[in-house]
Structure formats: C-alpha cells, structure tokens
Amino acid sequence: MEGFPQVVELNVGGVFYSTTPATLTREPESLLGRLFSGAAPPPPKDSKGKYFLDRDGVLFRYVLDYLRSGVLVLPDSFRERERLREEGQQMALSGMLEAMGAQERARPPGFITVGYRGSFAFGRDGLADVKFRKLSRLLVCGRVALCRAVFGEALNESRDPDHGMTDRYTARFFLKHSSLEQAFDSLQEQGFRLAGSCGSGTAGGSADLKPGVDSEENRWNHYNEFVFVRD
C-alpha cells in the first residue's frame, strides 16, 4: 500500500491545495479518509505528481477548512450551499453534512420585504422596449440582524439613522446592486420563500421634467413589493 508524504499536494478539479494526511483522514469513513489512509486505492496523480480529485476545486476550500478545524464556517450570503451539500454527500463527509444541517436549523425565522420603484422604457412609436424594467433602487425592510445575515456586504446601510443597532427593525436599507434576481437568489440560499407580492402603476403628467428625462417614459412608473418568509 502506498505511503503518503507529510505534505500532500492535491489537484482538485484544476485547483491546487496542500495539506496533510491527518487532515484528509479526519473523518475516517469518508471517501477522503479511505483514499488517504490506505483503506482504498489512492487517487491517480496528474502530470506534476499531485493527487487528482475530480471534484469542484473552488468548493473544496470549504471542505478542507472544515477538515482542518472540525468547524464549518461559510461566508456571509454564501450562495452555493446546495452544491456544497452535494460535495459532502459525494465524499461521504457525515460530520460536515451534520454541521450544515445544524446551521440551517439554527437560523431564526422571520420576514424580509424587498421593494423597488421603476419605470417602463418605450421605444419608437410608443412600443415597449425589450429593457422595459428600469430599477432605480432595491429597498430592503425587516429586522436588522436578519437583513445583514441574508445580504451581507451587498447591504447598504447609509440611509439608516440608527446604524449599528441590531435588535430592531428598519425600512431604510437598500442594496448596492439593482439586480432583483440576485436579491431573490440570496433569499433562497438562506431558506426564505416568497409569501406574497403586490404592485402598482401610475401614469403621470410630463410637466416640469428634468433635463434629459424622456417625457413618455416618465409617464409610466410602478412600485412592487415582495414579502419573503423563513419558518
């Protein structure tokens, strides 16, 4: 049976890592534990002599961090939880999967509302343009600690007068980006589901417009809100 060096060089899906056999065998019954303990044939080597694992090289950093410390720490607004879970299942890392489940069970329930104001853009002769939805800002309302946990660094708190306090609610947060679908992805990754939505539209006049503002486009504005809940 092949012996392993004190420092193991890995090529995981094209991403290189260096670690030790003790780290890789932290969970002896896992795939990694069997491969690097001699319980199963070792993985093949690439052209540079690194052990090759045909797994997601980027996500493996979180697997390796867990194996090093025994604690699973994921970034704020981590979006690939399901893919990481799949990696854990494929590698039979029962401890990491249990840590993921414990984190999800510990997430507090609550509501977050996402709203936006926008206008409809028109093309020639009043025909709706393909880029009809123009969003000026995505507003976030809810408990401060919950909003921060979901959106992380994407959350802009500059308009909130009580900046720094967590045990309260606010309707003044907004996002640093204007991608509605990106906001939805962040909520879905954190276990929220859509509970309800509403929208309204207005047709205004064209008097006293600012320079450069299209009169036809400015006539049609809309506001929409989406309420998300995590039980």
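Residues numbered from 1 in each chain as written. Predicted model: local features only at pLDDT ≥ 70, side-chain atom pairs only at ≥ 80, totals over all residues. Heavy atoms only, no water.

As named in an unreviewed UniProt entry, the chain is BTB/POZ domain-containing protein KCTD12, taken from Thrips palmi.

**So, the overall build of the chain**
Put simply, the rule is: Labels follow the DSSP assignment, with helices taken as runs of H or I lasting at least four residues and strands as runs of E lasting at least two, numbered in each case from the N terminus. When a residue's accessible area, from a 1.4 Å probe over protein chains only, is under 20% of the maximum for its type it is buried; when over 50% it is exposed; and in between it is partly exposed.
Helices and strands together make up the secondary structure of the chain, namely eight helices and nine strands. In the chain, which comprises 231 residues, the proportion classed as buried is 39%.

**Side note on the side chain of Ser186**
The condition that has to hold: Should any heavy atoms of two residues lie within 4.5 Å, those residues are counted as being in contact.
Residue placement: Ser186 occurs in helix H7 (residues 180-189). The class for Ser186 is buried, based on a relative accessible area of 7%. Once residues lying within four places of it in the same chain are set aside, the contact partners of Ser186 are Arg79, Val150 and Phe151.

**Concerning the nonpolar core**
The nonpolar side chains of a soluble globular protein tend to be buried with one another. Spelled out, the test is: Put simply, buried Ala, Val, Leu, Ile, Met, Phe, Trp, Tyr and Cys residues joined by side-chain atoms within 4.5 Å make one nonpolar core.
Ranked by size, the top nonpolar core spans 26 residues in total, and within it Leu10, Leu32, Phe36, Phe60, Val63, Leu84 and Met96 carry the most contacts. Of all elements in the fold, only strand S1 (8-12), helix H2 (31-35), strand S3 (51-53), helix H3 (60-69) and helix H5 (94-106) reach the threshold of two or more residues within this core. The element best represented in this core is H3, accounting for six residues. If sequence neighbours within four positions are ignored, Phe36 has contacts with Phe4, Val8, Leu10, Leu24, Thr25, Pro43 and Tyr51. Leu138, Leu180, Phe192 and Phe226 belong to the second largest nonpolar core, which has 20 residues in total.

**Digging into helix H4 (residues 81-90)**
Our working definition: What the arc covers is the set of directions going from the helix axis to the C-beta atoms.
Looking only at H4, the buried set comprises Arg81, Leu84, Arg85, Glu87 and Gly88. Relative to the axis of H4, the buried residues are bounded by an arc of 155° and lie together on one face. For H4, the secondary structure elements touched by its buried residues are H3, H5 and H7. Of the residues flanking the end of H4, it is Ala92, one or two places downstream, whose phi is positive at about 55°.

**Here we look at H3**
Of all the residues in H3, the buried ones are Phe60, Tyr62, Val63, Leu64, Tyr66 and Leu67. Backbone geometry just after H3 places Gly70 at a positive phi near 80°.

**Description of the sheet that holds S3**
Here is the rule: Between any two strands, pairing holds if DSSP finds at least two bridges. Only C-alpha atoms enter the line fits that serve as axes; for helices the fit covers just the stretch in contact. Angles between N-to-C directions range over 0 to 180 degrees.
Spatially, the three strands line up as an open sheet ordered S2-S1-S3, and their pairing is mixed. The two strands at the open ends of the sheet, each matched to only one other strand, are strand S2 (15-19) and S3. Taken pair by pair, the neighbouring strands of this sheet meet at an average axis angle of 30°, ignoring direction. Where S1 lies against S2, five bridges are found, and the strand directions are antiparallel. When the sheet's bridge partners are listed, Asn11 is paired in S2 with Phe16. Running at roughly 5° to S2, H3 makes contact with S1, S2 and S3 of the sheet.

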